[in-house]
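Analysis of the macromolecular model
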Amino acid sequence: MTSQIHLLSFPEHTEGVHHALDNAVRDPADRRFRGSSMIDYWQNVARILERGKFDGIFFADTAAIYDRYKGRPDESIKYGLGWPRHDIMPTLALMAAATERLGFAFTQSIGGAFPYPLMRLISTLDFLSDGRVGWNIVTGNTRMEYDAIGIEALEHDSRYDRADEFMEICRALWDGIPRDAILMDTEGGIVADPAKVGRVDVEGRYLKSRAVPLVVPSPQGRPVLFQAGSSGRGQRFALQNADVIFAIQSTTENMRRYVEQLRAAAEEQGRSDPVRVIFGLQIVLGSTEAEARQRREELLSRYTLEASLARLSGSLGIDFSEIDLDSPMEEWPSQASQGLVKALSSDMGGGKRLTLRDVAKTWATSIGTPHVVGTPEQVAAEIETIWRNTGCHGFNLRPATIPDSIEDFVDNVIPILQARGVFRTEYEGPTFRDNILGTGAGA
């Protein structure tokens, strides 16, 4: 456990939502797309988070529409379930231009991607932002992503085998231009020493690349790497590649157990880098506990069963329109997140089996992230308690509404965490790596 809590904000970047509850169309407190340009909107969100000294903002993403429910995309379009969904890269650049220290982590699937063009794009953004980019690596687990680009999806473990090759090429590209290779000798007219610029030559079962790296490293060397693998194979990939592991666990005990399991696995693998785990939480604040609980009930009142089932179907690759809502939720075979299937089928019920109807409601409210409900003092105390009892690195906080609940947290909870001595009052350094991993952390 670190000496202080690390915090990311986990909002949605489109008109749609990552789950089926905080839909901007239905919540008047959610000011997305209401009365301001999108440039002003997102730059304002970034400035609020930087004022609160957050490590960064974390965007989930899926490259295509959910179409598993009833074998069609209609419900995703109807309820705005991750649709429409614009490319996050330009938005990150706009937010970076409005801030100086805030980090920007985003999800980018490698399912239909190739390392060379993707690394050029990500590393360019990292360079332009002076080292404030993080990449959440996903292997591509939804059918529609592959259908959209016209290729066949690999099965679960094979996706990670391909991802191993993908990251081998990425590292060769990142390491290919050491800082001392760039000379910028104005008198001699020499830009770089070609003897020090590496050549990439990798050929694997799934991928190959012969190239010269194009992008000069940012001040942090390479983007901070995030991963959320929860199956055995996914955890092995995360421990081999990720600086920070993001996980969703429904209880403090499950969080603690998850951290212990990862650290034991890391020791077996010989990982020398600390295992840093951040857990998802959803915060619901009120000036009194009763007000906070009323606010949560208002959020729950916007729950739509059909929307939640459609979203759940897309995530797990299972058409839940064909399953009895009141039957016990089982560990359905899925090529998607196997760890998430397990959590949905048992852990969310506190050890008891839930029905599909139960799971759909839980999913609709927070995609499995626990709610922390109360006054600022109560929420700050609960966050610190979870952090101390689990040994985690910090939290990825899902706002109930945007930007109101983000600003409410920054203005009312952050000062309490700072007064408790468990959250920074100033940034540790200029790069994302400095702040989320610790001052002076190497690339």
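Residues numbered from 1 in each chain as written. Predicted model: local features only at pLDDT ≥ 70, side-chain atom pairs only at ≥ 80, totals over all residues. Heavy atoms only, no water.

**Considering the environment of Cys392**
Relative to the helices and strands, Cys392 is located in the loop between helix H13 (376-390) and strand S13 (394-399). In this structure, the C-alpha to C-alpha distance between Cys392 and Val275, residues 117 residues apart in sequence, is 8.8 Å. (Helix = DSSP H or I, 4+ residues; strand = E, 2+ residues; numbered from the N terminus.)

**A word on the pairing of strand S9 (residues 224-227)**
The two faces of S9 match: Val224 and Phe226 on one face and Leu225 and Gln227 on the other face are all buried. With two bridges connecting them, S9 and strand S10 (residues 244-247) associate as parallel partners. When the sheet's bridge partners are listed, Gln227 is paired in S10 with Ile245. For the crossover from S9 across helix H7 (residues 232-241) to S10, the handedness is right-handed. (Buried < 20%, exposed > 50% of the residue type's maximum accessible area, 1.4 Å probe, protein only. Pairing = 2+ DSSP bridges. Right-handed = clockwise from strand over helix to strand, strands pointing away.)

**Side note on empty space enclosed by the protein**
Counted by the stated rule, this structure contains two cavities of 30 Å³ or more. Its volume calculated, the largest cavity comes out at about 150 Å³. In terms of lining residues, the largest cavity is bounded by 16 residues, among which Met119, Ser123, Leu173, Trp174 and Val215 are the most central. The greatest single-element share of the lining of the largest cavity, amounting to five residues, is contributed by helix H4 (residues 115-128). Classifying every residue of the lining of the largest cavity by side-chain character gives ten nonpolar, three polar and three charged. Where the lining of the second largest cavity is concerned, the elements lending two or more residues are strand S11 (277-285), S13 and helix H14 (404-412). Along the lines of polarity and charge, the residues of the lining of the second largest cavity split into nine nonpolar, two polar and one charged. (1 Å grid on protein atoms, 1.4 Å probe; cavity = no way out; pocket = protein on both sides within 12 Å on 5 of 7 lines; lining within 4 Å. Points joined across faces, edges and corners; volume = space filled by probe spheres on them. Nonpolar A, V, L, I, M, F, W, Y, C, P; charged D, E, K, R; others polar.)

**Overview of the UniProt feature "binding site: FMN" (unreviewed entry) in the protein chain**
Feature annotation in UniProt places "binding site: FMN" (unreviewed entry) on Asp61, Thr107, His156, Tyr160, Ser230 and Ser231, given in this structure's numbering. Along the polypeptide, His156 turns up in helix H6 (residues 156-175). The class of His156 is buried, set by a relative accessible area of 3%. Side-chain polar atoms of His156 contact the side chain of Asp157, separated by 2.8 Å. Positionally, Ser230 belongs in the loop between S9 and H7. Judged by relative accessible area, which is 24%, Ser230 ranks as partly exposed. (UniProt positions renumbered as here; feature names shortened; annotations may be inferred. Polar contact = N/O pair within 3.5 Å; in protein donor to acceptor, adjacent residues only side chain to side chain.)

**Focus: the environment of Ala247**
Inspection of the secondary structure puts Ala247 in strand S10. When neighbours within four sequence positions are excluded, Ala247 is seen to be in contact with Tyr258, Val277, Ile278, Phe279 and Gly280. (Contact = heavy atoms within 4.5 Å.)

**Some remarks on the packing of helix H1 (residues 38-51) against helix H3 (residues 88-97)**
The contact between H1 and H3 brings their axes to 8 Å, and the two run at 60°. Compared by their axis directions, H1 and H3 come out oblique. Between H1 and H3 lies a crossing of right-handed hand. Between H1 and H3, the residues in contact are Ile39, Trp42, Gln43 and Ala46 and Thr91, Leu94 and Met95, respectively. Counted by class, the contact of H1 with H3 contains five nonpolar, two polar and no charged residues. (Axes fitted to C-alpha atoms, helices over the stretch in contact; angles between N-to-C directions. Parallel < 35°, antiparallel > 145°, perpendicular 65-115°, else oblique. Left-handed = near helix turned anticlockwise from the far one by under 90°.)

**What to know about H3**
Of the positions making up H3, those classed as buried are Ile88, Met89, Thr91, Leu92, Met95 and Ala96. Projection of H3 onto a plane perpendicular to its axis shows the buried side chains occupying an angular sector of 160°, all on one side. Residues of H3 that are exposed and point more than 90 degrees away from the buried face comprise Pro90 and Ala97. Here the buried face of H3 lies against H1, strand S2 (56-59), strand S3 (103-109) and H4. Sitting at the head of H3, Asp87 places a side-chain oxygen 2.9 Å from the backbone nitrogen of Met89. (Arc of directions from axis to C-beta.)

**Focus on the nonpolar core**
The biggest cluster of nonpolar side chains holds 78 residues, and the ones touching the most others in it are Leu7, Trp135, Phe395 and Phe409. When residues in this core are grouped by element, the largest group, eight residues, is from H6. Ranked by size, the runner-up nonpolar core spans 31 residues in total, among them Leu81, Val244, Leu325 and Val359. (Core = buried A, V, L, I, M, F, W, Y, C linked by side-chain atoms within 4.5 Å.)

**Section: the packing of aromatic side chains**
Tallied over the full model, the rule gives twelve aromatic pairs. Here the aromatic rings of Phe58 and Phe246 are separated by 5.3 Å at their centres, their planes lie at 55°, and the arrangement is tilted. Residue Phe58 is located in strand S2, and its partner Phe246 is located in strand S10; the two are separated by 188 residues in the primary sequence. For Phe58, a relative accessible area of 1% corresponds to the buried category. Plain terms: the ring middles of Tyr258 and Phe279 are 6.0 Å apart, the flat faces sit at 70° to each other, and that makes the pair edge-to-face. One end of the pair, Tyr258, is in helix H8 (residues 252-269); the other, Phe279, is in strand S11, and 21 residues separate them in sequence. Look at Tyr258 and you get buried, because its relative accessible area is 5%. Put simply, the rings of Phe10, Phe58, Phe226, Phe246 and Phe432 pair up and form one aromatic cluster. (Phe/Tyr/Trp six-rings, centres within 6.5 Å; stacked < 30°, edge-to-face > 60°.)

**Observations concerning the pairing of S2**
The alternating pattern of S2 places Gly56 and Phe58 on one face and Ile57 and Phe59 on the opposite face, and all of these are buried. Where strand S1 (residues 6-9) lies against S2, two bridges are found, and the strand directions are parallel. Its bridge partner lying in S2, Ser9 is registered against Ile57. Of the pairings in the sheet, the one linking S2 to S3 comprises four bridges and is parallel in character. Paired with Gly56 across the bridge in S3 is Gly103.

**Topic: the packing of H7 against H8**
Viewed as axis vectors pointing N to C, H7 and H8 meet at an angle of 65°, and their least axial separation amounts to 10 Å. In terms of their interaxial angle, H7 and H8 are classed as roughly perpendicular. Where H7 crosses over H8, the two elements pack in a sense that is right-handed. When H7 is examined against H8, the residues Gln235, Arg236, Leu239 and Gln240 are found in contact with a partner set consisting of Tyr258, Leu262, Ala265, Ala266 and Gln269. The residue makeup of the contact of H7 with H8, split by class, is five nonpolar, three polar and one charged.

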